[in-house]
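# Residue-level structural notes
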Amino acid sequence: MTLQPSHDPFADPLHPIYHFAPPANWLNDPNGLIHWQGKYHLFYQHNPAEAVWGPMHWGHAVSPDLVHWQHLPIALSPTPDGPDKDGAWSGCAVDDGGTPTLVYTGVFPESVNLATSADPDLRTWTKFEGNPVIARPPEGLTLSGFRDPCVWREGGEWRMVIGAGERDNPEANTPGKGMVLLYRSPDLRTWEYLHPLCERVFNPAETLPTGMMWECPSFFPLDGKWVLLVAAHLNLPVSLTVGFLGEYRDGKFTPGAPFKVDYGDRLFYAPQTFLDASGRRLMFGWLYEGRTVRAHRAAGWAGVMSLPRLLSLRPDGRMGCEPAPETAALRSRLLLELQDTDLGEENLLEGIAGTALEIELEVEPGSAAALHLQICTASDGSEQTRLAYHFTESRLVIDTTHASLDPEAAGALKEAPLGKPAGEPLHLRAFLDRSVLEVFADGWACLTTRLYPTKPTSTGLNLFARGGKAKVHSLKVWEMGSAFNPEA
Ligand code: FRU
């Protein structure tokens, strides 16, 4: 049951309008993503009773087009005395020869469980009476976690990876490590443990430390390579989503160097991917909040889903990540369109304002040192979110340290090194949705952040260059409509 707070979260000026969010209260990881009988189903970790993490249920929503959503009743709730009595934690959905099947984590202790549906709309689920199908981690491993199954079909059987981590042991002088464990099954019900698919020692001194526990693994082929994504649990709030591109043969994965899946770190966490009917690899992630628990309770909601992101393998060997083309259906009105225009000190967005916008920009550096895009700027300048791209160093920076006068909304400075050759044009798409900002650069770099302006006038936009003149090839700004009401 969803307990509604005393006010409608959707009426809150900081609540997103075109990103998915639950009817009220708490959301974390996307779960069970599946394109079933022509509809996209999004399940998600949900505490329906409060705007804080708690006993986990699976919330549920359905979409005809990947971007407009309808809330549905809760799909899974903890069963008293069942292996998920303390929560139905994260997991995936598979098509078991025509039977939609959820493979999910029960707690406590952490175990693997199944639920199936005979309902074409996937509203009702029956838990397998033989749950748990895996009751405990493999013998001989001392794990700090064992959860979040990701299942796929391979060579006439099922394969699964499960997130795990080994604790550090100062006495034995062994550092902790993140791991994913590989299993096989003929029928989803009996599982055989094979070996760790991937493991990596945690070294906090590394530029990209990969943590001691890997949550929510997603393992999938992408245009000839294989990708492993893990939510690397360091210590909150510094956890982040890490990706590895590599080769997978005979149950062995040879990963390349780790990379950040989103330069907003913790603010894009625990993503899940799935294949849709047209064979596209799509990803949703949980957009964490940047304010205090007290603020969540007062707001009556916490946690937002990212826009659907389309993954690819790029010719330069990177993982491509772009908003799914369907996001264009969220545009309600074109506010500005410019082409082949000089960008200097003068504000090209004079007179444009808004808090639910998409801004698309293709710009050549020319003689400019940096490009500045400022959003949610208060009329007195007291609040502002600042995006800058430094052409020579090829650095994209988003600064939310001045975004809000609310002392409970912590700002941050996040940076994406784009590594572009000098002079190359930059392609940016920025999606502002009240307290959410998702930025996509050059088809691969994502930087997600959160902002909590307090003033009704914090709607202004500035776009200008410093240190010379850049050349705007094209600039478009759209007002965005609601994800819940296609007419809005
Ligand atoms: C990741 C996570 C998962 C777990 C779920 C519980 O955010 O911690 O590992 O299954 O959330 O809500």
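What comes next is a walk through the structure. Think of each chain on its own: its residues are numbered from 1, step by step along the sequence as written. Only residues with pLDDT of at least 70 are given local features in this predicted model, and only at 80 or more are side-chain atom pairs given and counted; all residues enter the totals for whole chains, interfaces and linings. With hydrogens and water excluded, all non-hydrogen atoms of the structure serve as input to the side-chain values.

### Here we look at the nonpolar core
Grouped together as the largest cluster of nonpolar side chains are 54 residues, with contacts concentrated most on Tyr18, Phe20, Trp69 and Met319. Only DSSP runs of H or I reaching four residues or more are called helices, and only runs of E reaching two or more are called strands; each is numbered from the N terminus. Considering every element that reaches this core, the biggest residue donor is strand S19 (residues 281–287), with five residues. Each residue touching Tyr18, except ones within four places of it in the same chain, is listed here: Leu307, Leu330, Ala356, Leu357, Phe431, Leu432, Asp433, Met480, Gly481 and Ala483. Among the buried residues, those of types Ala, Val, Leu, Ile, Met, Phe, Trp, Tyr and Cys that are joined through side-chain atoms within 4.5 Å form a nonpolar core. When a residue's accessible area, from a 1.4 Å probe over protein chains only, is under 20% of the maximum for its type it is buried; when over 50% it is exposed; and in between it is partly exposed. Whether two residues are in contact is decided by their heavy atoms, any of which lying within 4.5 Å being enough.

### Points about the site of the ligand
If you check the shell around the ligand, you find 13 residues, and the closest are Asp29, Gln45, Arg147, Asp148 and Glu215. N or O atoms closer than or at 3.5 Å make up a polar contact, with two conditions inside protein: a donor-capable atom paired with an acceptor-capable one, and, for residues adjacent in sequence, both atoms drawn from side chains. Gln45 is positioned such that a nitrogen or oxygen atom in its side chain is 2.7 Å from an oxygen atom of the ligand. Within the side chain of Glu215, one N or O atom sits 2.7 Å away from an oxygen atom of the ligand. In isolation the ligand offers 320 Å² of accessible surface; the protein chains occlude 93% of this area. Mapped onto the shell around the ligand, the elements with two or more residues apiece are strand S1 (25–36), strand S5 (87–96), strand S9 (143–154) and strand S13 (213–222). Considered class by class, the residues forming the shell around the ligand number six nonpolar, three polar and four charged. Here a residue is considered near a molecule or strand provided that any single heavy atom belonging to it is located within 4 Å of it. Each accessible area is a Shrake-Rupley result for a 1.4 Å probe, and residues are judged covered by the shown protein chains and nothing else. Classes in brief: Ala, Val, Leu, Ile, Met, Phe, Trp, Tyr, Cys and Pro nonpolar; Asp, Glu, Lys and Arg charged; the others, Gly included, polar.

### So, the pairing of strand S28 (residues 395–399)
Most of S28 is tucked away: four of the five residues are buried. Pairing between strands requires that DSSP locate at least two bridges from one strand to the other. Strand direction decides the pairing type here: strand S27 (residues 385–390) and S28, joined by five bridges, are antiparallel. Among the inter-strand pairings, His390 is bridged to a residue of S28, identified as Arg395. Two strands pair when backbone bridges link them, and S28 and strand S29 (residues 413–417) are joined in this way by five bridges, in the antiparallel orientation. Residue pairing across strands places Ile398 opposite Lys414, the latter belonging to S29.

### Comments concerning the pattern of salt bridges
Between Lys or Arg on one side and Asp or Glu on the other, a salt bridge is scored when a side-chain nitrogen of the former is within 4 Å of a carboxyl oxygen of the latter. Summed over the entire model, instances satisfying the criterion amount to 35 salt bridges. Linking Lys177 and Glu199 is a salt bridge whose minimum nitrogen-to-oxygen distance equals 2.9 Å. Here Lys177 is found in strand S11 (residues 177–185), whereas its partner Glu199 is found in strand S12 (residues 192–201), with 22 residues between them in sequence. For the salt bridge of Arg249 with Glu247, the shortest nitrogen-to-oxygen distance reads 3.7 Å. Classification of Glu247 as partly exposed rests on a relative accessible area of 30%. Connected through salt bridges with shared partners, the residues Glu154, Glu157, Arg159, Arg184 and Glu192 form a single ionic network.

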